[in-house]
Amino acid sequence: MAPPFVASAAPVLDGRRAIVERVLRTADELERRARAAQLAAGATRLALATAAGVVAAGSRERLVLGRAPSCDVVLTGRHVSRAHAALVRRPDGWWVEDLGSRNGVLCAGERVGRRRLVDGDVLLLGDEAVRCRLR
């Protein structure tokens, strides 16, 4: 007498896993294409002028400014927090966000928690000035 047929779930799970992986790869590729199209269509580019030199944001969506070596833009001022502020690209332009720093972020003499940047803004992070150029 032949043993009863026992179906294995492994082929079904492998097939589903392959579908999920393919969907995720496609989503990643679509996101890359959308970013490239946004940059090609004239999305606002950001350049920062600090005491140490000029930094371009390139295709990055977020830059962290602070004293820590892990920051995207390292500032050396004594009153700059380890992770002081972030510059974030949004559909309506670049924004600065204070990351809970002790000395805050000043723009045009006012302390800001979150603010949309305009070309020529000078941010004061602790005792470091950062000029923002938008093109």
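Heads up: these notes are all about the structure in this document. Please read these numbers as outputs of a predicted model, since none were measured by experiment.

So, how was this worked out
- Here the residue index of a chain counts from 1 through its sequence in written order.
- Whole-chain, interface and lining totals are the exception, using all residues; otherwise, since this is a predicted model, local features are given only for residues with pLDDT of at least 70 and side-chain atom pairs are given and counted only at 80 or more.
- For the side-chain quantities, the full set of heavy atoms in the structure was used; hydrogens and water were omitted.
- The way it works is that DSSP assigns letters per residue, a run of H or I at least four long becomes a helix, a run of E at least two long becomes a strand, and they are numbered from the N terminus.
- Any Lys or Arg side-chain nitrogen found within 4 Å of a carboxyl oxygen on Asp or Glu counts as a salt bridge.
- Only protein chains enter the accessibility calculation, which uses a 1.4 Å probe; a residue is then buried when its area is under 20% of its type maximum, exposed when over 50%, and partly exposed in between.
- In this scheme, strands are said to pair when DSSP sees at least two bridges between them.
- Orientation is described by axes fitted as lines to C-alpha atoms, over the contacting stretch for helices, and by angles from 0 to 180 degrees between their N-to-C directions.
- Among the buried residues, those of types Ala, Val, Leu, Ile, Met, Phe, Trp, Tyr and Cys that are joined through side-chain atoms within 4.5 Å form a nonpolar core.

Of note in this structure, Ala108 is not a glycine but carries a positive phi near 55 degrees. Mapped onto the fold, Ala108 is located in the loop between strand 7 (105–107) and strand 8 (110–112).

Within the structure shown, the criterion is met by five salt bridges. The shortest N-O distance in the salt bridge between Arg89 and Glu61 comes to 3.6 Å. Here Arg89, found in strand 5 (residues 85–90), pairs with Glu61, found in the loop between strand 2 (53–56) and strand 3 (62–66); they are 28 residues apart in sequence, far enough to count as distant. With relative accessibility at 9%, the residue Arg89 sits in the buried group. By relative accessible area, which is 26% here, Glu61 ends up partly exposed. Ionic pairing is found between Arg114 and Glu97, a salt bridge with its closest N-O pair at 3.4 Å. Note that Arg114 is positioned in strand 9 (residues 114–116) and Glu97 in strand 6 (residues 93–98), a separation of 17 residues in sequence. Three or more residues are tied together by salt bridges with common partners; here these are Arg90, Glu97 and Arg114.

Quick look at the sheet that holds strand 1 (residues 46–50) now. Reading across the sheet, the six strands line up as 2-1-11-10-7-8 and stay open at both edges, with antiparallel pairing between neighbours. Sheet topology places strand 2 and strand 8 at the edges, where each strand pairs with a single neighbour. Averaged over all neighbouring strand pairs, the angle between strand axes comes to 30 degrees, with direction disregarded.

Moving on: the sheet that holds strand 4 (residues 73–74). Within a sheet, neighbouring strands are paired by backbone hydrogen bonds and run either parallel or antiparallel to one another. One open sheet holds the five strands; their spatial order is 4-3-5-6-9, and the pairing between them is mixed. Each end of this open sheet is capped by a strand with a single partner; those strands are strand 4 and strand 9. In terms of strand pairing, strand 3 meets strand 5 through four bridges, oriented antiparallel. Within strand 5, the position partnered with Leu65 by the bridge is Ala85.

Among the nonpolar cores identified, the biggest contains 21 residues, and Leu46, Leu48, Leu65, Leu87 and Leu123 are the most heavily contacted of them. Of all the elements in the fold, those that place two or more residues in this core are strand 1, strand 3, strand 5, strand 6, strand 7, strand 10 (122–125) and strand 11 (128–134). Counting residues per element, this core draws most heavily on strand 11, which supplies three residues.

Limitation: the analysis is restricted to geometry and does not speak to function.
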